[in-house]
Amino acid sequence: MYEVELRGSLNKQEYSNLKHFLQENGNFVSHLKRFLIRFSTKGEDIPSFDESLDVRLRVTNGKLEIITKQGDFAAQYREESSIFLQAGQFEEALKCLSLLGYKKGIGAYRIIERYMYRDVEFSLVTVPGYAYFYEAEKLVENNPDKSAETIKALLKTMELKVFEENEFKSFIEDLDHNANILFDYATYKSGDIDDVWLV
């Protein structure tokens with residue numbers, strides 16, 4: 001399965017305008033409260049963009065899952081697989097991943113509003129107290145390049161700016177240094193992550 005995803009930055013007014021447009025023209029899907037850890041596969045404090053394997057532990061509205069993505073971090077599509085775990089296994093999942101060598105990474109808090117519009121899933125993402133951005137994506141079995149072009153054409157009609165690869169990497173670097181948190185299993189203690197993000 002390929003995750004085909006294009007993204008772009010939004011200011012507060014642009015976020016409000018896009019949300020209003022999707023409310024009027026699309027279908028509301030869900031409101032999500034998410035905490036995730038994006039692990040470094042090289043044991044670095046902050047995962048580097050040259051790591052082709054992206055390993056994450058994610059809690060979304062209390063649902064726990066491990067996600068792996070293969071491919072260039074800023075690419076328009078990557079191969080993706082995920083597995084859901086039982087609720088309440090966050091600590092055990094961290095321990096298991098640490099034994100596999102995934103001990104350091106970046107923790108991130110996100111509030112997400114999801115809508116469907118013209119067969120594309122739009123996620124309006126709030127980085128609490130810091131930034132807004134959108135993601136427009138499809139999950140496809142094949143022809144990811146064609147799906148990427150379809151999404152890009154739709155975003156153009158909506159007058160939404162799409163990150164170039166270097167812009168997206170700069171945006172993530174900014175979040176990693178100014179909005180996200182460093183995670184290190186060696187110093188982690190149960191309770192470091194507020195329970196409100198885990199249930």
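Read on for a plain summary of the structure. (Residues numbered from 1 in each chain as written. Predicted model: local features only at pLDDT ≥ 70, side-chain atom pairs only at ≥ 80, totals over all residues. Heavy atoms only, no water.)

Regarding helix 1 (residues 12-25)
To be explicit about the condition: Each helix corresponds to a stretch of at least 4 residues labelled H or I by DSSP, and each strand to a stretch of at least 2 residues labelled E; elements are numbered beginning at the N terminus. For a helix, the expected span equals 1.5 Å multiplied by the number of residues minus one. For every residue, the accessible area obtained with a 1.4 Å probe (protein chains only) is divided by the maximum for its type, and the residue is called buried under 20%, exposed over 50%, and partly exposed between those limits. The arc in question is formed by the directions pointing from the helix axis toward the C-beta atoms. Residues count as neighbours in contact if any of their non-hydrogen atoms are within 4.5 Å of one another. Polar contact criterion, stated in full: a pair of N or O atoms within 3.5 Å, where within protein one must be able to donate a hydrogen and the other to accept it, and residues adjacent in sequence count only if both atoms are side-chain atoms.
The first and last C-alpha atoms of helix 1 sit 20 Å apart over 14 residues, in line with the 20 Å expected at 1.5 Å per residue. For helix 1, the complete set of buried residues consists of Tyr 15, Leu 18 and Leu 22. For helix 1, the arc enclosing every buried residue in end-on projection is 70 degrees, short of the 170-degree limit, so these residues lie on one face. For helix 1, exposure combined with an orientation more than 90 degrees from the buried face picks out Lys 12, Gln 13 and Glu 24. Packed against the buried residues of helix 1 are strand 1 (2-10), strand 2 (27-39), strand 6 (104-117), strand 7 (120-127) and strand 8 (131-140). Where helix 1 begins, one side-chain oxygen reaches toward the backbone nitrogen of Gln 13, 3.1 Å away; that side chain belongs to Asn 11.

A short note on empty space enclosed by the protein
Note the cut-off: Cavities and pockets are defined on a 1 Å grid built over the protein atoms alone: a cavity is a set of grid points where a 1.4 Å probe fits but cannot escape, while a pocket is an open set with protein on both sides within 12 Å along at least five of seven lines, and lining residues are those with an atom within 4 Å of any such point. Grid points are joined across faces, edges and corners, and a volume is the space filled by probe spheres set on the points.
Under the criterion given, the structure shown has one cavity of 30 Å³ or more. Every residue lining the largest cavity is listed: Arg 38, Phe 39, Pro 47, Ser 48, Glu 51, Leu 53, Asp 54, Val 55, Phe 73 and Arg 78. Those elements that provide at least two residues to the lining of the largest cavity are strand 2 and strand 3 (53-60).

Side note on the side chain of Glu 3
Checked against the element boundaries, Glu 3 lands in strand 1. A polar side-chain atom of Glu 3 sits 3.3 Å from a polar atom in the side chain of Lys 69. Aside from chain neighbours lying at most four places away, what touches Glu 3 is Lys 69, Gln 76, Tyr 77, Arg 78, Glu 80, Glu 137, Lys 138 and Leu 139.

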